[in-house]
Amino acid sequence: MNQSISAAEELAALTAHDASCRLAEGTVSSVQLTQLMLDRIAASQNNAFITVNPKALEEAAAADARRQKGEARGPLDGIPMALKDNISTQGLRTTCASRMLAEFVPPYSATVARRLSEAGCVLLGKLNMDEFAMGSTSENSYFGPVRNPRDPQRIAGGSSGGSAAAVAENLAYFTLGSDTGGSVRQPAAMCGVMGMKPTYGRISRYGVVAFASSLDQIGPITKDAQDCALVLNAIAGKDPYDGSSLMNPLPDYLDALKDGAAGLRIGIPKEYMGEGISEEVRMAVERVAGLLEAQGAIVETCSLPRTEYALSAYYVISSAEACSNLGRYDGVKYGYRTQAYANLAEMIEKTRSEGFGDEVKRRILLGTYTLSAGYFDAYYKRAQQARTLIMEDFRKVFRQYDVLLTPTSPVTAWALGQKHANPLEIYAMDVCTVSVNVAGLPALSLPCGTDSQGLPIGAQFIANTLGEAVLLRAAAAAEKGGKA
Amino acid sequence: MTTYEIVVGIECHVELKTKTKLFCGCAAEFSDDPNRRVCPVCLALPGALPVVNRQAIEYAVKAALALHCEVQPFSRFDRKNYYYPDLPGAYQITQMFHPIAKGGYVDIETTKGSRRIRLNRIHVEADAGKLLHASGGIGGAGGTLADDNRASTPLIEIVSEPDLRSAEEARVYGEKLRTILEYAGVSDVKMEQGSMRCDANVSVRPKGDPVLGTRAEIKNVNSFKALERAVNYEADRQIDLIEDGGSVVQETRGWDDEKGVSISMRLKENAHDYRYFPEPDLPPILLDPERIKGIGLTLPEMPEDRKSRWIKELNLPACDSEQIASSRFSAELFDRTVALGADPKTAANWIMGEWTRCVRVKGIGMETEPVKAEHLAALLGQVSAGKINNKQAKEVFEEMFDTGEAPEQIIQRKGMVQVSDTGALDAIVQQVLADHPKSVEDYRNGRTQAIGFLVGQVMKASKGQANPGLANQLLAAALEAMK
Amino acid sequence: MEFSEQELADLEMLARVELSESEWNRCRQAFQNVLDLAASLQAVDTEEVEPMISPIHLMNVMREDEIRPGLEREEALAQATETESGCFKVPRIL
């Protein structure tokens, strides 16, 4: 009895690449893996899933059939995974954790969902999040908060809390989240798993419900760097349906993993290691620096002087773009519609007031305000100008360094329901991650131990535009160093 | 008694005739079967993204060059945010800050002379869908139906400066603009089908006053003549209002052509803060001079140039030139027919006459090329060679128009031949003179026009095949001889 | 910065979102704080700095004028609360 439990646990805890080996060896089937995940999802108390895919086992059986015929599609064929619930999946409910879309079933799939399906992956279901990706705790959900697998009284981080918790609790071999201000990296850090936000434009946004168009990016949440590379290989690249997707050629991301840290020039921007960072987090980041130095990396302090404007720029730009992107939710073509109304204007106003949660409404009003006549120059235009300056700082620093190292989150997971009278306190938690989105750069959060309460800490690597390979190189080296 | 001056600016929305929509691959062609040409993008489903149609940009540049605008090397899209049930997504993608073209002009000629009307800008934008009224039902509250077939159809908006000074000018401007765009080949420009829509901004001021009066925007004008009527009405309305001590309100008014009045559309009054901001989903458009020039080379010879050439090189009268140049299709038919050897004035007469008549009466669109230039030239050749007469030619022409058959085939099939044999005609002439002594008497008594009747009788007797000129000659000679 | 009743009403009208009194009270300070945060941008020296609309420097991304498969009408209407005669139906405008 104990042996079979631990065998199941062991199987669930595999990385995607190891599970793939087992599938290739024939020692396990996709149906087995999928059933295992489904059982664990059903038993989990962490509310990571909003919807389970009723066709999951069917997809798994099809993967097994392909493999029998010798027609396996690649390293991810038959691997069960899950998607954040703002990624459209044809025929399967996509809610964005909002009452507004609680019953919305898209008639089409996002490009990233399609690419994973074409790679043979099995879709387990859709993952819980902050409503419309607005938030850093995954508490702003119409379907209840996500609980941190390490401590169910604590947040899992946000907005991709469900995506991170699912991987941390071995409910999926990998997941996709979306990252607008840190929403892949921060929950990954808080749950003790790896999360990457690639360069803006590297991954198609077609079918991803828009929050902030010039900041949003899809990112993989995985158990290790090799899995991250595998997922990137499957989903990255030009999409003719996304006018903002980059056309640059794709490397094989697996190649970067073996490069090692020797000669890697690492900068630690002093603005990211300031007062707000907890001591234990700081020490964890310094440990990572030490690990890499021991492998031959060069670590120095550097500066990104205009970091202080990133948070303001982020909130102005994201709210402005969000209020426009969310204008479409009006009860006419899809989604929630209020019950009682005398005319169209009333219907729209009540639908939106009832369909959206507080945080979403607040950001819509903020965005509306900053774009309104007379305020555009003072807020929106200035924020875009600050953006250019923040980017300049990064470009300058990347002339001397290959990668930057910072904490992902200044603190570890705090308690669920912790009231913040001033949302600025929560917003300030994004300080290490938002500048990356503002500049459109790639970044990765590496799990690097826990604090004295056993809560996971994440260290963040930031690279220059299209520097995913460097991030993977650093992450893989740190993983190796950590195991030594 | 104050004299007032009317000041008019016109905004035209023109549908570009691309195969697909501006931001998605749905078919752009008109369909009255609702919601059949839709996709996640033009429906603004969650997660959808726009991608620009290259052909739409090229057509926009072509139109801009035809209108003498400065095509901008850098232009970009912006979002215009507002709520209306025909606007999927609650924002329109348009070009506010950096339009694709600036400046430009249209030269017009009215009864008062020639004027150059300046343009302010041309920009590209996506059209909204269509609204229909729902069926009432028993005690029904009605409601509105939205059809998104038209959503995201590519439009260019052409904005003139407020240079127009009369309702006639407004009409002529609209017609000229339409002609130029038809020549450029970028749109079907059919007002009656909605592929060209014009709104007029009308204000009045005391003559000589440099300050512009408050303007009202007049919408729902469905033809150029209606435009003229609407501008006249609106100018009078404003003048009356001012003379009565009131002041003009800046507002949008809908034109009711049946009743001949404009009505305030208070619905659109609510303060419209469109919160324009640059469209983050679309990269900007950079056009280098080579590319712009290349697009310009695809423009055909424009109406003004054609007219000048015809007047100078072909000695065609100015008003003939004006009429034929007013449509690209008549202009091209004329040029090709003349190139095939037809006499210019004759060709012009046929196009202004029979061709125009058939097009109008039979309701066939000119753009379908109902008569080929080769056939028209051949027909005119038959007439000038004396093989058939004009009356016969008209019969052949109409058949050509209806069936597309070559004139030689029709002539042969109908056994048409013009009788120019003096001997044969002489016999008919003698018979006719014998049959109509009264007319002969009238003629001999000085009523020389009686010969016309007699020519007609000769034509009748010859079943239309007599050469009328020759018949006239022979009759005249015979009548003279009888004196 | 204090919002007058009218200013708030105008903002709600533009955004088509209404906050109840209690929601607004909960939200007022928060909104205020975020605006103050945003106002800190005033300190940035933006003389001659180009606004960055997007982090990527693509241009002329266009597609060919070719038809791409879209949605069947049934698929398009499937999620709507009310439809009639193949159209989306909304209550009367006035």
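It should be noted that the structure appears before, not after, this text.
Described in the following lines is the structure provided in the data block.

Thresholds, definitions, all that
Residues numbered from 1 in each chain as written. Chains lettered and ligands numbered in written order. Predicted model: local features only at pLDDT ≥ 70, side-chain atom pairs only at ≥ 80, totals over all residues. Heavy atoms only, no water. Axes fitted to C-alpha atoms, helices over the stretch in contact; angles between N-to-C directions. Helix = DSSP H or I, 4+ residues; strand = E, 2+ residues; numbered from the N terminus. Parallel < 35°, antiparallel > 145°, perpendicular 65-115°, else oblique. Contact = heavy atoms within 4.5 Å. Nonpolar A, V, L, I, M, F, W, Y, C, P; charged D, E, K, R; others polar. Expected span 1.5 Å × (residues − 1). Buried < 20%, exposed > 50% of the residue type's maximum accessible area, 1.4 Å probe, protein only. Phe/Tyr/Trp six-rings, centres within 6.5 Å; stacked < 30°, edge-to-face > 60°. Lys NZ or Arg CZ within 6 Å of the ring centre and 35° of its normal. Pairing = 2+ DSSP bridges. Buried area = accessible area lost by both parts, 1.4 Å probe. Salt bridge = Lys/Arg side-chain N within 4 Å of Asp/Glu carboxyl O. 1 Å grid on protein atoms, 1.4 Å probe; cavity = no way out; pocket = protein on both sides within 12 Å on 5 of 7 lines; lining within 4 Å. Points joined across faces, edges and corners; volume = space filled by probe spheres on them. Domains from an automatic or database assignment. Polar contact = N/O pair within 3.5 Å; in protein donor to acceptor, adjacent residues only side chain to side chain.

1. A look at the packing of helix H6 (residues 318-325) of chain B against helix H7 (residues 328-339) of chain B
Residue and element names in this part refer to chain B.
Then step 1. Where H6 contacts H7, the two axes come as close as 7 Å, and the packing angle between them is 120°. Considered as vectors, H6 and H7 are oriented oblique to each other. On H7, the residues that touch Gln 323, Ile 324 and Ala 325 of H6 are Ser 330, Ala 331 and Phe 334.
Then step 2. Split by residue class, the contact of H6 with H7 holds four nonpolar, two polar and no charged.

2. Section: helix H10 (residues 390-403) of chain B
All names here are of chain B.
Then step 1. With 14 residues, H10 extends 20 Å from end C-alpha to end C-alpha; this agrees with the ideal 20 Å at 1.5 Å per step.
Then step 2. Looking only at H10, the buried set comprises Gln 392, Ala 393, Val 396, Phe 397, Met 400 and Phe 401.
Then step 3. In this structure, the buried side of H10 is in contact with helix H8 (344-362), helix H9 (373-384) and helix H11 (407-414).
Then step 4. Immediately beyond the C-terminal end of H10, within one or two residues, lies Gly 404, with a positive phi of roughly 75°.

3. Quick look at the packing of aromatic side chains
Then step 1. A full pass over the atoms with the stated rule returns 23 aromatic pairs over all chains.
Then step 2. Centroid distance Tyr 375 of chain A to Tyr 379 of chain A: 6.2 Å. Interplanar angle 50°. Geometry classified as tilted.
Then step 3. We classify Tyr 379 of chain A as buried; its relative accessible area is 6%.
Then step 4. The residue whose ring lies beneath Lys 333 of chain A is Phe 88 of chain C, and the NZ or CZ to ring-centre distance is 5.0 Å.
Then step 5. The ring of Tyr 105 of chain B carries Arg 116 of chain B above its face, with NZ or CZ at 3.6 Å from the centroid.

4. Concerning the sheet that holds strand E5 (residues 78-81) of chain B
All names here are of chain B.
Then step 1. Read across the open sheet, the three strands follow the order E6-E5-E17; overall the sheet is antiparallel. In this open sheet, the two edge strands, each paired with only one partner strand, are strand E6 (91-94) and strand E17 (277-278).
Then step 2. Of the pairings in the sheet, the one linking E5 to E17 comprises two bridges and is antiparallel in character. Counterpart to Asp 78 in the pairing with E17 is Pro 278.

5. Concerning the interface of chain B and chain C
Then step 1. Taken together, the contact between chain B and chain C spans 51 residues of the former and 33 residues of the latter.
Then step 2. Both sides of the chain B and chain C interface together cover about 3600 Å² of buried area, and 58% of this is carbon and sulfur.
Then step 3. In this structure, Arg 54 of chain B and Glu 64 of chain C form a salt bridge, with 2.9 Å as the shortest nitrogen-oxygen distance.
Then step 4. Listed by contribution, the elements that provide at least two residues to the side of chain B that touches chain C are strand E2 (52-53), helix H1 (54-66), strand E10 (130-133), strand E11 (144-147) and strand E18 (285-286) of chain B.

6. Structural notes on the layout of surface pockets
Residue and element names in this part refer to chain B.
Then step 1. The volume enclosed by the second largest pocket comes to roughly 1400 Å³.
Then step 2. Contributing to the lining of the second largest pocket are 46 residues, with Glu 175, Arg 178, Thr 179, Ser 326 and Ser 327 lying nearest its centre.
Then step 3. Grouping the amino acids of the lining of the second largest pocket by side-chain chemistry returns 14 nonpolar, 13 polar and 19 charged.
Then step 4. Split by domain, the residues of the lining of the second largest pocket number at least three in each of domain 1 (4-292) and domain 2 (303-414).

7. Here's the deal with the pattern of salt bridges
All names here are of chain B.
Then step 1. Evaluated as defined, the whole model comprises 69 salt bridges over all chains.
Then step 2. As a salt-bridge pair, Glu 15 and Arg 197 come within 3.1 Å of each other at their nearest N and O atoms. Of the two residues, Glu 15 sits in strand E1 (residues 4-15) while Arg 197 sits in strand E13 (residues 196-206), which places them 182 residues apart along the sequence.
Then step 3. Its relative accessible area of 23% is what places Arg 197 among the partly exposed residues.

8. Side note on the sheet that holds strand E6 (residues 175-179) of chain A
All names here are of chain A.
Then step 1. An order of E1-E3-E2-E6-E8-E7-E12-E13-E11-E9-E10 is seen for the eleven strands of this open sheet, with the pairing classed as mixed. The open sheet has two edge strands with one neighbour each: strand E1 (49-52) and strand E10 (298-302). Across the sheet, the axes of successive neighbouring strands diverge by a mean angle of 30°, strand direction being ignored.
Then step 2. Here two bridges tie strand E2 (residues 80-84) to E6, and the two strands are oriented parallel to one another. Across the sheet, Leu 83 pairs through a bridge with Leu 176, a residue of E6.

9. Quick look at the interface of chain C and chain A
Then step 1. Contact residues are listed per partner, giving 52 residues for chain C and 64 residues for chain A.
Then step 2. Contact between chain C and chain A buries roughly 5300 Å² in total, counting both sides, with carbon and sulfur atoms accounting for 66%.
Then step 3. Looking at the side of chain C facing chain A, the largest losses of area belong to Leu 41, Met 52 and Gln 79 of chain C, adding up to 13% of the total buried there.
Then step 4. At the junction of chain C and chain A, the tally comes to two salt bridges.
Then step 5. Between Glu 82 of chain C and Arg 337 of chain A there is a salt bridge, with the nearest N and O atoms lying 3.0 Å from each other.
Then step 6. Between the two partners, chain C and chain A, sit 19 residue pairs in polar contact (both at pLDDT 80 or more).
Then step 7. Listing elements by their share of the side of chain C that touches chain A, those giving two or more residues are helix H1 (5-15), helix H2 (21-39) and strand E3 (87-90) of chain C.
Then step 8. Per-element accounting of the side of chain C that touches chain A gives the leading share, eleven residues, to H2 of chain C.
Then step 9. Residues of the side of chain C that touches chain A, tallied by class, amount to 33 nonpolar, seven polar and twelve charged.

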